[in-house]
Amino acid sequence: QVQLVESGGGLVQAGASLRLSCAASGRTFNIHEMGWFRRAPGKEREFVAAISWSGRAMDYVDSVKGRFTISRDNAKNTMYLQMNSLKPEDTALYYCAASTYYGLASQASAYRYWGQGTQVTVSS
């Protein structure tokens, strides 16, 4: 099994930045691609970003391109999401996820392991 723990969420004003972290433990050698998803109040879970095992390939939802940057440090078993120029519509519970498959994926079904989430609230 793999355990994922997110941290770094908080309450910020619009235009501010936050850096989310996702620490993996357990059988981390099973992990390949990783991603971030979010669920806003009253909305469906949404793909935010994904990163390959090497860190060389990334994918983002259009609404965060140019503002969010996904990265990972395999030596630390940690993934990050740097979020700049935050907007009120970024308010959501952010989840990290890990896949045992190769290939970037935006579908939640492609990810086997999930964290509990960290809340990001952006005030206007």
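Below, the discussion takes up the nonpolar core. Nonpolar side chains tend toward joint burial in soluble globular proteins. The biggest cluster of nonpolar side chains holds 36 residues, and the ones touching the most others in it are L4, W36, L81, M83 and Y94. Counting only elements with at least two residues in this core, the list comes to β1 (2-7), β3 (18-26), β4 (34-39), β5 (45-51), β7 (68-73), β8 (78-83), β9 (92-98) and β11 (118-123). When residues no more than four places from it in sequence are discounted, the contact partners of M83 are A16, S17, L18, L20, R67, F68, Y94 and V120.

One pass over the structure, following the stated rule, counts four salt bridges. Between E46 and R38 there is a salt bridge, and its shortest N-O distance comes to 2.7 Å. Looking at E46, the relative accessible area reads 30%, which means it is partly exposed. Its salt-bridge partner being K65, residue D62 comes within 3.0 Å of it at the nearest N-O pair. Three or more residues joined by partner-sharing salt bridges are found here, namely R38, E46, R67 and D90.

Attention shifts here to the sheet that holds β3. Taken together, four strands build an open sheet; the order of strands is β1-β3-β8-β7 and the sheet is antiparallel. Two strands lie at the open edges of the sheet, namely β1 and β7, each paired on one side alone. Across the sheet, the axes of successive neighbouring strands diverge by a mean angle of 15 degrees, strand direction being ignored. For β7 and β8, the ladder comprises six bridges, and the chain directions are antiparallel. By the bridge assignment, F68 is partnered in β8 with M83.

What follows is about the side chain of S99. When you line up the elements, S99 lands in the loop between β9 and β10 (113-114). A polar contact of 3.1 Å, which involves the side chain of S99, links it to the backbone oxygen of A110. Dropping the residues within four chain positions of it, S99 is found in contact with N30, I31, H32, E33, A110, Y111 and R112.

Take the state of the cysteines next. Here the structure, examined in full by the defined rule, presents one disulfide. Through a disulfide, C22 is tied to C96; the S-S separation comes to 2.1 Å. Across the S-S bond of C22 and C96 the torsion is about 50 degrees, and the bridge reads as right-handed. In this pair, C22 sits in strand β3 while C96 sits in strand β9, placing the two residues 74 residues apart along the sequence. A relative accessible area of 0% places C22 in the buried class.

Definitions and cut-offs
Residues numbered from 1 in each chain as written. Predicted model: local features only at pLDDT ≥ 70, side-chain atom pairs only at ≥ 80, totals over all residues. Heavy atoms only, no water. Core = buried A, V, L, I, M, F, W, Y, C linked by side-chain atoms within 4.5 Å. Buried < 20%, exposed > 50% of the residue type's maximum accessible area, 1.4 Å probe, protein only. Helix = DSSP H or I, 4+ residues; strand = E, 2+ residues; numbered from the N terminus. Contact = heavy atoms within 4.5 Å. Salt bridge = Lys/Arg side-chain N within 4 Å of Asp/Glu carboxyl O. Pairing = 2+ DSSP bridges. Axes fitted to C-alpha atoms, helices over the stretch in contact; angles between N-to-C directions. Polar contact = N/O pair within 3.5 Å; in protein donor to acceptor, adjacent residues only side chain to side chain. Disulfide = S-S within 2.5 Å.

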